[in-house]
Amino acid sequence: MKIQLKPATSLAPLPAVVVTCGDETENNAITLAWVGTVNSVPPILTAAVRYSRHSLGIIERTGEFTVNLIPKELLHGLDVCGVTSGRDCDKFAAAGFTRAKGVNVKCPHIAESPASLECKVIRRVDLPTHAVFFGEVVSVLADERYVKDGRLRLPEGMLVTYVNGQYLETGAAIGTYGYTAGESK
Ligand SMILES: Cc1cc2nc3c(=O)[nH]c(=O)nc-3n(C[C@H](O)[C@H](O)[C@H](O)COP(=O)(O)O)c2cc1C
């Protein structure tokens, strides 16, 4: 039997990433779990940012952001960027992250991240609690150790997810895309 609960965004696990934003004069890093993949050609991601976040004004001003994927080893830095504000501190320093120069955006990315997805904002949608930035991915900066046949191939279980206030490991593969195709009905 299922019990009907009050409506909530109960979609989890979610990827936990650190989004960097800004330029040479001002930049910041914010932890986000509410990021999404919404279009393939061109590749478009979304980032949902609460109106109170310092990062919001920076993304709005520059029209750019970079999604940095976070492996288990960088979890401490991810949490730091999620509980401190760029209004009060240099979050790169606080998190132990190194700024790396952007390639197709002015925004720095995190050198230690295995993959940084540089995005240019193509649209902003204002919802009651969050502004949703739609970012077209203009470059994927991947650690060469994780590139195979020109594609990003991160090791299984490398990244962390976020569920109900907890960070979870991701696991080993349990199937491959389309493995049911051809099964008799
Ligand atoms: C795991 C985790 C996920 C988070 N996800 C979001 C999110 O999706 N959107 C958001 O606006 N804030 C999110 N936050 C909160 C911000 O990261 C946090 O408020 C941060 O201090 C804001 O930084 P800023 O003021 O420098 O922009 C999350 C925090 C954590 C720890």
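Located above this text is the structure these notes cover.
Everything numeric in this text was worked out from a predicted model, so none of it was measured. (Residues numbered from 1 in each chain as written. Predicted model: local features only at pLDDT ≥ 70, side-chain atom pairs only at ≥ 80, totals over all residues.)

Asks: Describe the pairing of strand 10 (residues 130-142), and please don't skip the residues or the numbers.
Replies: Relative to strand 10, strand 5 (residues 44-50) runs antiparallel, the two sharing seven bridges. Across the sheet, A47 pairs through a bridge with F133, a residue of strand 10. By the bridge criterion, eleven bridges tie strand 9 (residues 115-126) to strand 10 in an arrangement that is antiparallel. Residue pairing in the sheet places D126 in a bridge with A131 of strand 10. The loop that links strand 9 with its antiparallel partner strand 10 comprises three residues. (Pairing = 2+ DSSP bridges. Helix = DSSP H or I, 4+ residues; strand = E, 2+ residues; numbered from the N terminus.)

Asks: Could you give me a rundown of the environment of A115, with the residues and numbers involved?
Replies: By the element assignment, A115 lies in strand 9. By C-beta crowding, A115 is classed as buried, having 21 other C-beta atoms within 10 Å. In this structure, the C-alpha to C-alpha distance between A115 and D79, residues 36 residues apart in sequence, is 18 Å. If near-sequence neighbours (up to four positions away) are discounted, A115 is found in contact with L69, V140, L141, A142, D143, Y146, L152 and L154. (Buried ≥ 20, exposed ≤ 12 C-beta atoms within 10 Å, placed from the backbone. Contact = placed C-beta atoms within 7 Å.)

By themselves these figures say nothing about function.
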